[in-house]
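Here is what each chain is made of, one letter per residue.
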Amino acid sequence: MLSRQTKRTILKILSMFSVVRGYNIPIIALAQYLSAIFIMAPEKRALTVLLDFNLFILVVASSLTIASGYIINNFYDSKKDLINRPNKSRIDHLVSQRTKLQVYFTVNFVVALLAMLVSFRAVAYFSTYIFLIWFYSHKLKKYPIIGNLTASLLAILPFFAILLYYKNLYPEIFAHATFLFLLLLIREIIKDLENIKGDIANDYRTIPVIYGEVFAKKTITLLTISTVIPVYFLVEIYEVGFMDIYFYISLIILIFFLLLLWKANSKIQYLQLHIILKFLVVSGVFSIVLIDPTVLIHGKALLKI
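Residues numbered from 1 in each chain as written. Predicted model: local features only at pLDDT ≥ 70, side-chain atom pairs only at ≥ 80, totals over all residues. Heavy atoms only, no water.

Looking at this model, I keep getting lost on the overall build of the protein chain. Mind explaining?
When helices and strands are counted, the protein chain shows 18 helices and zero strands. For the C-alpha atoms alone, the extent of the protein chain along its principal axes is close to 55 × 50 × 45 Å. For the protein chain, buried positions account for 47% of its 305 residues. Taking all contacts inside the protein chain whose residues are at least 6 apart in sequence as the whole, residues at least 24 apart take part in 77%. For the protein chain, the accessible surface area stands at approximately 15900 Å², while carbon and sulfur atoms represent 70% of it. Counting 30 positive and 16 negative side-chain charges, the protein chain places the centres of these two groups 11 Å from one another. (Helix = DSSP H or I, 4+ residues; strand = E, 2+ residues; numbered from the N terminus. Buried < 20%, exposed > 50% of the residue type's maximum accessible area, 1.4 Å probe, protein only. Contact = heavy atoms within 4.5 Å. Areas by Shrake-Rupley, 256 points an atom, 1.4 Å probe, with all protein chains shown as cover. Lys, Arg positive; Asp, Glu negative; His and termini not counted. Charge placed at Lys NZ, Arg CZ, Asp CG, Glu CD.)

What am I meant to see in a nonpolar patch on the surface here?
There is a patch of nonpolar side chains on the surface, built from Ile 10, Leu 11, Leu 14, Ile 91 and Leu 94 and spanning about 420 Å² of accessible area. A total of three residues in the nonpolar patch trace back to one element, the largest contributor, which is helix 1 (residues 4-19). (Patch = residues over 30% accessible without salt bridge, like charges linked within 9 Å, V, L, I, M, F, W, Y side chains within 5 Å. Salt bridge = Lys/Arg side-chain N within 4 Å of Asp/Glu carboxyl O.)

Help me understand the side chain of Asp 192 in this model?
Looking at where Asp 192 falls in the secondary structure, it is placed in helix 10 (residues 171-194). Once you skip the residues sitting within four places of it in the chain, Asp 192 turns out to touch Asn 148, Asp 199, Thr 206, Ile 207 and Pro 208.

What should I look at first to understand unusual backbone geometry in this one?
Both trends apply: most residues other than glycine have a negative phi, and most peptide bonds are in trans. With phi around 65°, Ile 145 is a residue other than glycine that occupies positive phi space. Within the element layout of this structure, Ile 145 appears in the loop between helix 8 (120-138) and helix 9 (146-166).

Looking at this model, I keep getting lost on the pattern of salt bridges. Mind explaining?
If the charged atoms of two oppositely charged side chains come close together, the side chains can form a pair. For the structure shown, the criterion picks out two salt bridges. Between Lys 141 and Asp 77 there is a salt bridge; the shortest N-O distance is 2.4 Å. Placement of the pair is Lys 141 in the loop between helix 8 and helix 9 and Asp 77 in the loop between helix 4 (53-76) and helix 5 (78-84), with a sequence separation of 64 residues. You can call Asp 77 buried: its relative accessible area is 3%. With a shortest N-O distance of 3.4 Å, Lys 191 and Glu 188 are connected by a salt bridge. Of this pair, Lys 191 and Glu 188 both sit in helix 10, three residues apart, which is roughly one turn of the helix. Exposure remark for Lys 191: the relative accessible area of 15% places this residue in the buried category. Overall, Glu 188 belongs to the buried group, its relative accessible area being 10%.

How do you make sense of the packing of aromatic side chains when you look at a structure like this?
Any aromatic ring pair is given by two values, namely how distant the centres are and how the planes are angled relative to each other. In the structure shown here, the tally under the stated rule is 14 aromatic pairs. Relative to Phe 135, the ring of Trp 134 has its centre 6.3 Å away and its plane inclined at 40°; by these criteria the two rings are tilted. When the ring of Tyr 246 is compared with that of Phe 247, the centres are 5.2 Å apart and the planes differ by 65°; the resulting orientation is edge-to-face. Three or more aromatic residues joined by ring pairs make a cluster, and in this case those are Tyr 125, Phe 126 and Tyr 129. (Phe/Tyr/Trp six-rings, centres within 6.5 Å; stacked < 30°, edge-to-face > 60°.)

Sorry, what's going on with the packing of helix 2 (residues 25-40) against helix 9 here?
Relative orientation and spacing of two packed helices are given, respectively, by the angle between their axes and the distance between those axes. Closest axis-to-axis distance for the helix 2/helix 9 pair is 10 Å, and the angle between their directions is 40°. In terms of axis orientation, helix 2 runs oblique to helix 9. Between helix 2 and helix 9 lies a crossing whose hand is right-handed. Residues Ala 31, Gln 32, Ser 35, Ala 36 and Met 40 of helix 2 form the contact with helix 9, whose participating residues are Pro 158, Phe 159, Ile 162, Leu 163 and Tyr 166. Residue composition of the contact of helix 2 with helix 9, grouped by class: eight nonpolar, two polar and no charged. (Axes fitted to C-alpha atoms, helices over the stretch in contact; angles between N-to-C directions. Parallel < 35°, antiparallel > 145°, perpendicular 65-115°, else oblique. Left-handed = near helix turned anticlockwise from the far one by under 90°. Nonpolar A, V, L, I, M, F, W, Y, C, P; charged D, E, K, R; others polar.)

Structure (C-alpha cells):
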C-alpha cells in the first residue's frame, strides 16, 4: 500500500502534468517531425530526418519551452481559472505558485543549455520565444485582438524553429502556416467567448468583453471564411498529395461550425466549438502523412539509405 507521502508526490506530479498540459506536448513534437519529413525537408530521406541530432534537440527544446509557457500562463491565470475552470484549477493548485516558478526557471535554463548544443542562433531564437511567452502571459493576453494574434503566433513558432533550421522557404509552407494560424486565431476568440465570466471578473479586455458576443461571432465568421484562401492555394496550386482530402473535409466541418456558432449562447456550447477546432488542428497533424503516404505504407521509403 502506498504511503501518504508517496500519494502526495504522485498527486503533485499529476498536478504538474495538468499545469504543463502534458497531453498536448507529444502531439506538438510529432507535428514538428512530420512537418520536417513531409513539408520542410521533403528532399531528405525520412530516416535522415529522424536521426538528425540537432533536429531532436530543437524538438525537445521546443517542447520544454511550450511546457514552461503553460506554467507561466497558469501562474498568471490562477484567479481567472478558479471561475472558468474550477475542476482543473483544484488539481493545478496542488502545486504551489512558488514551485511552479521554480520549475519554470529551471526548464528555461535547460532550454538555453540545449539550444547551445545547436547554435547561437538557436539560443537567440529560444530566448526570444521564452520572453514573448512571458510578455504575452503577463500583459498582452489581457487586451483584445493583439492578445489573440500573439497567442496564435506563439502556437506556430515551434514550426518556424524547424523552418529556420532547414532554411527551405517553400511557398506552400506559408500556406500551411496561414491555415493553421487562422484555425488557432479562431480558437482563441472561441476561448474568450467560453471564458467571458472569468475575464470580466479579472479585468481581461478581450474581444467579447469589449465589443460584445455578436461582434466576436462576426469576427470568427470572417476568419473562418478566410480559411478558403490558403486551402485554395494548397489544393489547387501546390502539391499536397492526398492531404487535399483533409482540407476538403475541414471546409465542410467549418461550415457546420459556423452554423453552431450562431446558435451558441452558453459556456458548454462554446466548449463544444472549441473541441471541434482542436479536432481539426490535431487531425491536421496526423493528416500530414497523406502528403506522401508511401513513407508509411512501404517501410523501404523510411529505411532507405
